[in-house]
Each structure stands twice: as structure tokens, then as C-alpha cells.
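Overview (structure and organization)
Spelled out, the chains give:
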Amino acid sequence: MKLQYLVLEDPDLKKNLTNSLIGHIAVFFLFTIKAVFFSGEAIIINNAVRVDLVSLPDKVMPKINEPAEVEPEKVALEKPVEKPIEKPKTPTFDLAKTKLEQKEALDKLKNQMKKKTEPAPQPEVPPPPQPTLYKGNVLSPGSEVVGVAKLEYDKYFDLARAKVKLHFILPQWLKDSGLRTHVLVKIDERGYVIDRSLVKSSGNEIYDKLVLKAIMEASPLPAPPDRLKQVLMIDGMVVAYPD
Amino acid sequence: MKMLFLITQLIFTVSTFAQSAADNKPILQVGQATLVKKSLLAMPQFQFFGNPGVSTKYVETGKTLFDVLKNDLEISGYFTFIDSKAYLEDPNKTGLKPVTVEPNGFNFENWKQISADFLIRAGYNIKANSIDLEVYLYHVPSSKLLLGKKYQGETKNARYMAHRFANDILLSLTGKKGFFVSKLAVTSDRGGKDFKELYVMDWDAFEGSIKQITNNKSVTISPSWSTDGKKVAYSAMLYKPKLKMRNVDLLLHDLASGSSTVISDDPGTNSGVNFHPDGKSLLFTNTRKTGHPDIFRYYFDNKKLIKITAGPLGAMNVEPYASPDGRRILFSSDRSGGHPMIYVMDINGGNVNRLTFAGRYNSTPAWSPDGKLIVFAGQENDHFDIFLMNADGTNMIRLTSSPKRGSSKLANNEDPSFSPDGRNIVFRSNRTGSYQIFLVNLDGSVERRLTFDNFNYEKPVWSPFLD
């Protein structure tokens, strides 16, 4: 308490405090002016990125189909091997017994078929009300494929794409050509290509022919699902190389 | 007039319906081909049209034409050559054109039977010191002529003629010119172990094409071609009589006149030069202005020097390489505080982005001619290898990895430079002992040695197209 009193009573204290305050403010302004108007080399601070020391990638050799060098055709003179002729064995059986077994089997099959075709007794249910047909009230099924159908379609086109791609072998010199060809392909219900025609040429005859050849070599494609059979056989699909 | 209008309307309507019908069909997008193959090429020896008794060097000239063309086409990576033993007809007894065109012509069926994709037929004649070369490229499966040309030139330019034909073949097939008429600038100790001088040679480093450019009796480093291929800038340690010491100066050499002029001789380092695509300026590293290596741009017209890199303080910013569009600069820097890595920035030095984070020391970055790829040398353990990545730093692949001859260690593969068509990369490697020049394609599947001597080569740089 005594010390505090003495400090407050010091006559130079106020003056010294004022000088100190002015000095500090002056220094603050000097540094502010220097920082704003006389800034040194800008220090670029980018967003912090966590960098672990990672390894550079190893060398991976790409796969290139090297055609086998053509050698002169040689005709092998091999002695043909004679195939032993198999003599047909004469069956020995009891004709009467076989006929009897045949008749029994047929009767059994008839009975089974009869059971299957007979309709099971059903409770009487009134038929659902049929909408009255008049012009304009028929809703088109539309072209959008959704739900299970879409999954089915996607699965089929993925399989077809994989098959077609497997046969699309491009010469190295056409690899980066950026060419594009569209081919209309029609397939039957077993997946066999029944028709193919260029709908958009790449402008390069060799490329177009390679694409058409690849499609023929890929035939048969996977058999289309029931929903697609008619579409792919009558309208066909556009196979786009590469997109 | 009314009829014409109706016909036009009809055509428009039909085409619109046809288009909409096609639009409604399912589309199967096959995607990019993942399987590629080389094409089978039949190239019989070139026929000599002249009188063997009159022309003395016809065998040698014919061999040169054939060998150069074959080497060029092999380097392209597009072809596999069919062994001549497989030919079903004697090319010396048939003409250069098919039998449907000339009576004694060749038969396409004979080439189809051996599965040839392409057939090259060529013949030449020598008159005094002049060669007339006639060449044809056929697509065998379609029995069509793809390219037919006649070249004329001095016999001493036989190699050049063959290179031109190779270029034309690639142009006709791919629509893009080949690099076969281009050169390499490189520094080497060919003149003696104590010095490294600047040399220029054909892209295939043919011994007869190697020409010494400088004779500074000094160490010459980091050459760079001008955009027109007429000048080469380089750095050399030149003696300064006033300072009584050597300094790394930046010089510009005019290939036509053979004279060199000093661009920058600031005390310190003036090196790592690269021509800006505008042809009016160049980028290089200078140490005097800031006390540490920074990148500057020098303008030829007003001789102004503009500082490009700015900090961080004390960081090394070197090896600038301007992008093909001239808007960005690749460079290497240790500004991350650790090992040198590859960075890219705007041409004025702003918008700096780090591109590589892997490895211990990444250097000598270079753009591909289309600006989509970047090649650089990266060190991981005790050796450098060549790496390729997209312009944004993604999809990095290693192109080289080779043991050093007579050692259990791996060799250094450094100083990559793109060919002007962007299909190959030239670099130097010590895999055979001394540093020799090698070539690698963009997927690393084909590597080829270009120089076959015991000298050391440094910083091979590919010229722009010279034809």
C-alpha cells in the first residue's frame, strides 16, 4: 500500500507514461506503413497439403499384339492315319416286351399331361374393370426404361460391349486417330448378326472396314433378353466406335 | 419454283424422320480400343532402274535408302516387317505397280496370301550425282494405292530423301507428320575429356551427321532450339579476363552464320535456357539479380529482363520450360522445403501449383508438343528414371528402368526431351557405361540406343520440325 502511494505521487510518472505511449504508437505506425507500402518479397502461402514421401511408379510394360512374322507356307507330308472302321453291333432284344414298355410309358405321360393341363379349381373372382377405349386415352409405354427392365438392359449391353470390344483390335497407327464410326446392327433372337450397315462413316475407309469386320467376328453376340428381341431384330442398335 | 420448294421440304422431312428413327435406337458405346496390334509390312529391296555398269555406287545408295527408311518405320512402332523369304513372288521380276495397271506388275493376291497389311515398292536411278526415287505405298487388303511419290536430290542427300519418304508415309496413314526430318542438339565431350562442346546431329544420331557447333574450350550446358530451328541458345563457362575467373554465360548461336552472341553474362549463373513459343523471348535462370536461382524472361527486341519467380525467399527456381501455347511455365523448385519437385505457374509467375509429390528429386520437366503431357527425370533411390504424366500431374508412369552394365545398380536415365510430333522422347543414359543417347516411346515399350561410342552426351534436345 505504501509503495503504490509513492508511485502515484511521483510527478514525472504521468509525463513518462505519455511519452512511452506516444513512442509505442509511433513504432506501431512505422511498422504498419512499412508492411503496407514497403513490403518485401511476397511469401506465397498455399493451402497446407499433407505430403507423405511416396514412391514413384514402377515401370509397367504395355500389351501389344505382335503379329507373328509370316513364314513361307510349308505343306507337311504326313502319312494319313487310317481310322479303324467300327462295326455296328446288332441289337438283340424282345420285341413284344419293348412294345409293352413303350405303351406303358406313353400312357403314363398322357396321364401326367392331362393333370397339368387341367385347370385348378379357382374361386370366382369378378374380372377387373376394363377402361373404356376412346381416342386419346391410350397411354404410350414411352421409351424410358426403368426398374428391372433397365437392369436387364444394362446387363445385356455390358455383355454385348465386352464381346464386341474383344474383337476390336486396332492397328497401332490408328490408335490415336480420334476417328468415330456408327454402325446399325440387327441381331436375331440367338444373338447372330443378321444385318449391319454404316450410319456414320469415320471418313477413313480402313477404319470403317475394321469396325464392320470386328462386328462380324463378334457374332454371335449374347442372346438378347425377351424384352429386347424384337427391338434388336427389327430396329437394331447403333454400335458406336468408340462413342 | 414451287416444285423445288416441295422437293426440298420432302427431303427435309424424310431426313428428319430418318434421323429421329436412328436417335430412338439403343446405342452401344464400345469405348476406346484396348487391343492394338502392329501392321504387317512387306518392303522388298528397292529396284535399280539404271545401268549397273555405268553407276558405280548404286548398290551403296540403294542400301542407304532402304536401311534409313526401314529404321524410321521401325522406330514408328507401327509395323512388323515380313521376312523376304515369305514372299510368294519375286519383287525383282515385277514392276512397282499392280498387274492391273502395268503388264509386268505385281499381284495383290500374292501379298494378301501372306497377310501383308501394307506393301512398299520403290525404285531409283542415279544420273551423275543425282538420284531419282520413285515410291509407292499400298494397302493390301483393299488393293489400293495410299501414297505414290517421286523424289529427286543429290546422292549425298540419300538419307534425307528416305527420311522424307518415311515422314510422308506417317502423314498419309495418321494425318500427322513424322519427326524423321529433325535434329538433336546436345553437349558432349567428343572433342576431349576436359571440355563439353555443343553438337547438332540428325535425330537418328547418324555418325556422318554429327556436327560440332561450338569451340569454346569450355564446359557447355543446356541447349535449347529456337522455334524456327535456326538458332540454338546454350550456356558456357567462359573465362572473364577482368575477373580472372570463369562465369556461366548465356549465348545464342546462329546455325547459318555460325556466330554466337552473348545474351546474359551477369556474374553468377545464366543457364537452363528455354525459348518461349512466341520466338521473341526466352526463359532462363539467373542468380545475380536475387542472390539465388530465379527464373527470368529475356526479350530480344528491347533486351529487357523480367523476373518471373518470386520467392519463397531462398528457394531455388530453375529449369523453366514454356508450354506450347506460351501461357504457362514448368519449372523445378525446392520451395516446399525438401527435395526439388516439379511445379507449374502462369507465364507472369502467378498461380503456382505443385505437380509432383513422389520421389526424392524431380527435375528437367518438359511439355509434349500438344501440351497434354509432361516428361521429367525423377530420382527415387540412387538413380534417375524418365517419367511421364498428364499436364495436371495425374496418371504418372515410369518409362525407363534398366540395369547398369557391369554393376548391380540401376542406370541413370535423365534429360528427357519430346520429339516434335510428340510420339517419342529422347534422353541420356549410362546403362552401357558412358552417357549415351537413347529413345523411348510414350508407353515405355520400345527403347532404342542412338549413339554407339564411348563419349558422354548431356541434355539432348529435340529440334522442331525442319521440313
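Residues numbered from 1 in each chain as written. Chains lettered and ligands numbered in written order. Predicted model: local features only at pLDDT ≥ 70, side-chain atom pairs only at ≥ 80, totals over all residues. Heavy atoms only, no water.

A short note on the overall build of chain B
Rules: Strands are runs of DSSP state E lasting at least two residues, helices are runs of H or I lasting at least four, and both sets are numbered from the N terminus onward. Throughout this description, buried means an accessible area under 20% of the type-specific maximum (1.4 Å probe, protein chains only), exposed means over 50%, and partly exposed covers the range between. Contacts were defined at the residue level, with two residues in contact if any of their heavy atoms lie within 4.5 Å. For every accessible area listed, the method is Shrake-Rupley and the probe measures 1.4 Å; residues are considered covered only by the protein chains on display. We treat Lys and Arg as the positive residues and Asp and Glu as the negative residues; His and chain ends play no part in the count. By convention, the charge on Lys lies at NZ, on Arg at CZ, on Asp at CG and on Glu at CD.
Summing up its helical and strand segments, chain B has 4 helices and 32 strands in all. Dimensions of chain B along its principal axes, counting C-alpha atoms only, are 80 × 75 × 55 Å. Looking at chain B residue by residue over its 467 residues, the buried ones come to 54%. For chain B, the proportion of contacts with a sequence separation of at least 24, taken over those separated by at least 6, is 43%. Per element, the accessible surface of chain B, about 20800 Å² overall, is 53% carbon and sulfur. Each charge sign in chain B was given a centre, from 56 positive and 46 negative side chains, and these centres are 2 Å apart.

Comments concerning the overall build of chain A
The secondary structure content of chain A amounts to 6 helices and 4 strands. Secondary structure of chain A in N-to-C order comes out as α-α-α-α-β-β-β-α-α-β. For chain A, the proportion of its 243 residues judged to be buried stands at 20%. Sequence-distant contacts, at least 24 apart, represent 73% of the contacts inside chain A between residues at least 6 apart. Here chain A displays about 20500 Å² of accessible surface, and carbon together with sulfur accounts for 61% of that area.

A few points about the confidence of the model for chain A
All names here are of chain A. Operational definition: Across the chain, each position has a pLDDT score giving the predictor's confidence in that residue, from 0 to 100.
Looking at chain A, the pLDDT average stands at 72 and 56% of residues meet or exceed 70. Mean pLDDT per element in chain A: helix H1 (residues 2-9) is the minimum at 53, and strand S2 (residues 181-187) is the maximum at 94. Scored below 50 in pLDDT, residues 72-93 makes 3 contacts in the model with residues more than four places away or belonging to other chains. Ignoring residues within four places in sequence, the model shows residues 115-125, a span with pLDDT below 50, making 0 contacts including any to other chains.

Topic: the interface of chain B and chain A
Applicable threshold: Values labelled buried area give the accessible surface lost by two parts on being combined, using a 1.4 Å probe and summing over both. For this analysis, a salt bridge means a side-chain nitrogen from Lys or Arg found within 4 Å of a carboxyl oxygen belonging to Asp or Glu. Side-chain atoms alone can form a polar contact between residues adjacent in sequence; in general such a contact is a pair of N or O atoms within 3.5 Å, and within protein one must be able to donate a hydrogen while the other accepts it.
Chain B puts 60 residues into the contact, and the matching count from chain A is 56 residues. Across the chain B to chain A interface the summed buried area is about 5300 Å²; carbon plus sulfur atoms make up 63%. Three residues stand out in chain B for area buried against chain A, namely Leu28(B), Val30(B) and Val36(B), and they jointly supply 16% of the buried area on that side. Our count for the contact surface shared by chain B and chain A stands at 2 salt bridges. A salt bridge links Glu205(A) to Lys144(B); the nearest nitrogen and oxygen atoms lie 2.7 Å apart. Joining chain B to chain A, the criterion identifies 20 residue pairs in polar contact (both at pLDDT 80 or more).

Quick notes on a nonpolar patch on the surface
Residue and element names in this part refer to chain A. Convention followed: Two distance rules govern patches: like charges are joined within 9 Å, and nonpolar side chains (Val, Leu, Ile, Met, Phe, Trp, Tyr) within 5 Å, applied only to residues with over 30% relative accessible area and no salt bridge.
A contiguous nonpolar patch, built from Leu 21, Ile 25, Phe 28, Phe 29, Ile 33, Val 36, Phe 37 and Phe 38 and spanning about 910 Å² of accessible area, is present on the exposed surface. Within the secondary structure, Ile 33 is located in helix H2 (residues 13-37). Judged by relative accessible area, which is 40%, Ile 33 ranks as partly exposed.

A look at unusual backbone geometry
Between Ser219(A) and the following residue, Pro220(A), the backbone shows a cis peptide bond with an omega angle of 5°. Note on placement: Pro220(A) falls in the loop between helix H5 (205-218) and helix H6 (226-235). With an omega of -5°, the peptide bond running from Tyr241(A) to Pro242(A) counts as cis. In this structure, Pro242(A) sits in the segment after strand S4 (237-241). The backbone of Ala205(B) sits at a positive phi, close to 55°, despite the residue not being glycine. By the element assignment, Ala205(B) lies in the loop between strand S10 (197-202) and strand S11 (211-212).

Notes on the nonpolar core
Defined as follows: Among buried residues, those of type Ala, Val, Leu, Ile, Met, Phe, Trp, Tyr and Cys that are joined through side-chain atoms within 4.5 Å constitute a nonpolar core.
Val239(A), Tyr241(A), Phe46(B), Leu73(B) and Ile169(B) are the most contacted members of the largest nonpolar core, which totals 79 residues. In contact with Phe46(B), not counting residues within four places along its chain, are Gly62(B), Leu65(B), Phe66(B), Leu69(B), Ala122(B), Tyr124(B) and Leu133(B). By size, the runner-up hydrophobic cluster in this structure holds 15 residues, among which are Ile82(B), Ile114(B), Leu119(B) and Tyr138(B).

Remarks on the packing of aromatic side chains
Put simply, the rule reads: Within 6.5 Å between ring centres, the rings of Phe, Tyr and Trp (the latter by its six-membered ring) count as paired, and their orientation is classed by plane angle as stacked under 30 degrees, edge-to-face over 60, tilted in between. In this scheme, Lys NZ or Arg CZ marks a charge over a ring once it lies within 6 Å of the ring centre and within 35 degrees of the ring normal.
A full pass over the atoms with the stated rule returns 26 aromatic pairs over all chains. Arranged with centres 4.4 Å apart and planes meeting at 65°, the rings of Phe168(A) and Tyr241(A) form a pair that is edge-to-face. Of this pair, Phe168(A) sits in the loop between helix H4 (147-166) and strand S1 (169-171) while Tyr241(A) sits in strand S4, and the two are 73 residues apart along the sequence. Looking at Phe168(A), the relative accessible area reads 2%, which means it is buried. These aromatic residues form a ring-pair network of at least three members: Trp173(A), Tyr78(B), Phe79(B) and Phe118(B). Over the ring of Phe465(B) we find Lys177(B), and its NZ or CZ is 4.7 Å from the ring centre. The ring of Tyr199(B) has Arg190(B) lying over it, and the distance from NZ or CZ to the ring centre is 5.9 Å.

Some thoughts on the pairing of strand S7 (residues 130-139) of chain B
The side chains of a regular strand alternate, residue by residue, between the two faces of the sheet. Residue and element names in this part refer to chain B. The following threshold applies: Only when DSSP finds a minimum of two bridges between them are two strands counted as paired.
Within S7, 8 of the 10 residues are buried, leaving the element largely enclosed by the surrounding structure. Direction of pairing for strand S6 (residues 118-127) relative to S7: antiparallel, over a ladder of 10 bridges. Note on S7: the bridge partner recorded for Leu 119 is Tyr 138. Hairpin geometry of S6 and S7 is characterised by an intervening segment of 2 residues between the two adjacent antiparallel strands and by a positive phi of about 55° at Ala 128. In the sheet, S7 pairs with strand S8 (residues 144-154) via 10 bridges, with the strands oriented antiparallel. Bridged to Ser 130 within S8 is Glu 154. If you look at the hairpin formed by S7 and S8, you'll find 4 residues sitting between the two strands, and Ser 143 has a positive phi there, around 50°.

Points about the environment of Thr356(B)
All names here are of chain B. Secondary-structure assignment places Thr 356 in the loop between strand S23 (353-354) and strand S24 (361-367). Contacts of Thr 356, omitting those with residues within four sequence positions, involve Met 341, Ile 342, Asn 362, Phe 376, Met 389 and Met 396. Within polar-contact distance, the side chain of Thr 356 engages the backbone nitrogen of Ile 342 at 3.0 Å. A polar atom in the side chain of Thr 356 sits 3.0 Å from the side chain of Asn 362.

A short note on the pattern of salt bridges
Tallying each qualifying case throughout the model produces 32 salt bridges over all chains. Between Asp204(B) and Arg159(B) there is a salt bridge, with its nearest N and O atoms 2.8 Å apart. Linking Asp204(B) in the loop between S10 and S11 with Arg159(B) in helix H4 (residues 158-174), this pair joins segments that are 45 residues apart in sequence. Accessibility classification places Asp204(B) together with Arg159(B) in one group, the buried group. Through salt bridges that share partners, Lys59(A), Arg431(B) and Glu447(B) make up one connected network.

A closer look at the sheet that holds strand S25 (residues 373-379) of chain B
All names here are of chain B. Taken in spatial order, the 4 strands line up as S24-S25-S26-S27 in an open sheet, and their pairing is antiparallel. Sheet topology places S24 and strand S27 (397-398) at the edges, where each strand pairs with a single neighbour. Examined bridge by bridge, S24 and S25 share 5 bridges and lie antiparallel to one another. Among the inter-strand pairings, Tyr 361 is bridged to a residue of S25, identified as Gln 379.

Focus: H2(A)
Put simply, the rule is: One less than the number of residues in a helix, times 1.5 Å, gives the span that helix is expected to have.
In this model H2(A) runs 36 Å from its N-terminal to its C-terminal C-alpha over 25 residues, within 8% of the 36 Å that 1.5 Å per residue would give. Buried residues are scarce in H2(A), accounting for 0 of its 25 residues.

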